[in-house]
Amino acid sequence: MTAPRRMGSENSETRHRLLDITQRLMLKEGYAAVGVRRVAREAGVAPALVLYYFRTLDDLFLAVLRRLADQEYEAQERALDPARPLRSLWELSSRPGAALITEFTALSNHRKEIRAELAAHSDRYRRAQIELVARRFAQAGTGFPEVPPAAMVVLTTALARIIGLEEQMGLTTGHDEARELMERLLRLAEGPREPGEREPDRQESDAREPGGQEPGTGD
């Protein structure tokens, strides 16, 4: 009987460095640039060491995705303003920091396990968003009686992300009108932002390289 393969510790500094390198490569060059040999070369280690911490390349991708998902969930909890959850969700979803999620979405078209993991984390975010918006609407008597909070959450996040993806391609036609429409809907649903009301603590965690640098600004 074959003994279980020994794996490196999840708390190892080397493991975290390999995750950082993989994330940086995905941001700078896309997921297709990531390979066991490339990550090993960037880290200055042998490919066998990468496989000591991650059995396969997919395991490496999954580890990066899970770390990102935890960071994003925590950032969302900090960013969503309980008094204006729909507006803060619009602002959070509109930030130019979805590059890494975009790469994982593209990768998921070719990796079934990553697609399932990404869907599970996305569902976790969505359910938390809907719960917060529904609770606020019920407490404040706001929102639209004929539109379920779930529909408003999907509309808000989807429009923000579509605008972001199109602007990355250089397409901006109709964006000003769409943003103005969303502003009117937000004012109707939640009212105008009160003077002195705190702004959401938006964090663009996936837009930055490990260590807090913007992509492409490192050495």
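Residues numbered from 1 in each chain as written. Predicted model: local features only at pLDDT ≥ 70, side-chain atom pairs only at ≥ 80, totals over all residues. Heavy atoms only, no water.

1. Regarding the side chain of R15
Put simply, the rule reads: Each helix is a run of H or I in the DSSP string that is no shorter than four residues. Each strand is a run of E no shorter than two, and both are numbered from the N terminus. Note on contacts: a residue pair qualifies if any of its non-hydrogen atoms lie within 4.5 Å across the two residues.
Along the chain, R15 falls in helix α1 (residues 13-29). Those residues in contact with R15 that sit more than four places away from it in its chain are S9, E10, Y53, F54 and A63.

2. As for the packing of aromatic side chains
The following threshold applies: Only centres within 6.5 Å qualify two rings of Phe, Tyr or Trp (six-membered ring in Trp) as a pair; their planes then separate them into stacked at under 30 degrees, edge-to-face at over 60, and tilted for everything else. Relative accessibility decides the category of a residue: with a 1.4 Å probe and only protein chains considered, values under 20% of the type maximum give buried, values over 50% give exposed, and everything between is partly exposed.
Evaluation of the coordinates by the stated rule reveals two aromatic pairs. Judged by centre distance (5.0 Å) and plane angle (80°), the ring pair of Y52 and Y53 falls under edge-to-face. What makes Y52 partly exposed here is its relative accessible area of 27%. Judged by its relative accessible area of 12%, Y53 falls in the buried class. Summarising the aromatic geometry, the rings of Y73 and Y125 are spaced 6.2 Å apart at their centres and angled 20° between planes, so their arrangement reads as stacked.

3. Notes on the pattern of salt bridges
Note the following rule: In what follows, salt bridge is the name for a side-chain nitrogen of Lys or Arg lying within 4 Å of a carboxyl oxygen of Asp or Glu.
Here the structure, examined in full by the defined rule, presents 13 salt bridges. Salt-bridge contacts for R87 lead to E183; the nearest nitrogen and oxygen are separated by 3.1 Å. Residue R87 is found in helix α5 (residues 85-94), and its partner E183 is found in helix α9 (residues 175-190); the two are separated by 96 residues along the sequence. Two residues, E131 and R135, come together in a salt bridge whose shortest N-O distance is 3.5 Å. With E131 and R135 both in helix α7 (residues 112-140) and four residues apart, the pair spans about one turn of that helix.

4. Describing the environment of E42
Take E42: it is sitting in helix α2 (residues 36-43). When sequence neighbours within four positions are dropped, the list of residues in contact with E42 reads I21, R24 and L25.

5. Thoughts on the packing of α7 against helix α8 (residues 149-169)
Helix-helix packing is characterised by the crossing angle of the two axes and by the distance between the axes. As a reminder of what qualifies: Note on definitions: angles span 0 to 180 degrees between N-to-C directions of axes, and those axes are lines fitted to C-alpha atoms, for helices only across the stretch in contact. The cut-offs work like this: below 35 degrees is roughly parallel, past 145 is roughly antiparallel, 65 to 115 is roughly perpendicular, and the gaps in between are oblique. Two helices crossing with the near one rotated counterclockwise from the far one by less than a right angle form a left-handed crossing, whereas a clockwise rotation gives a right-handed crossing.
Orientation of α7 relative to α8, taken along the N-to-C sense of each, is 120°, at an axis distance of 9 Å. As judged from the angle between their axes, α7 and α8 are oblique. As for how α7 packs across α8, the hand of that crossing is right-handed. Contacts from R126, Q129, I130, V133, A134 and F137 in α7 reach P149, A150, V153, V154 and T157 in α8.

6. Things to note about the packing of α1 against helix α4 (residues 57-79)
Heads up, the rule is: Three classes are used, and their members are as follows: Ala, Val, Leu, Ile, Met, Phe, Trp, Tyr, Cys and Pro are nonpolar, Asp, Glu, Lys and Arg are charged, and the others, Gly among them, are polar.
Remark: α1 packs on α4, axes separated minimally by 10 Å, with the N-to-C direction vectors making an angle of 90°. As summarised for this structure, α1 and α4 are arranged roughly perpendicular, according to the angle between their axes. Mapping the contact onto sequence places R15, H16, L18, L19, D20, T22, Q23 and M26 in α1 and L60, F61, A63, V64 and R67 in α4. Split by residue class, the contact of α1 with α4 holds seven nonpolar, three polar and three charged.

7. A word on α5
When you tally the buried positions in α5, you get nine out of ten residues, the bulk of the element. Residues of α5 that are buried: P85, L86, R87, S88, L89, W90, E91, L92 and S93.

8. Observations concerning α7
What counts is decided by this rule: How far a helix is expected to stretch is found by multiplying one less than its residue total by 1.5 Å.
End to end, α7 covers 42 Å across 29 residues, agreeing with the expected 42 Å (1.5 Å per residue, within 8%). Within α7 the residues assigned to the buried category are I114, E117, L118, H121, Y125, Q129, L132, V133 and F137. Those residues of α7 that are buried are in contact with α4, α5, α6 (99-108), α8 and α9. Looking one or two residues beyond α7, the residue adopting positive phi is G141, at roughly 70°.

9. Quick look at the confidence of the model for the protein
Put simply, the rule is: Per residue, pLDDT captures the predictor's confidence, and it can take any value from 0 to 100.
Mean pLDDT over the protein works out to 85, with 83% of the residues at or above the 70 mark. Averaged pLDDT values over the elements of the protein bottom out at 88 in α6 and peak at 97 in α2. Of the regions scoring below 50 in pLDDT, residues 199-209 engages in 46 contacts with residues more than four places distant in sequence or in other chains. Taken together, the stretch residues 211-219 has pLDDT below 50 and engages in 14 contacts with residues farther than four places along the chain or on a different chain.

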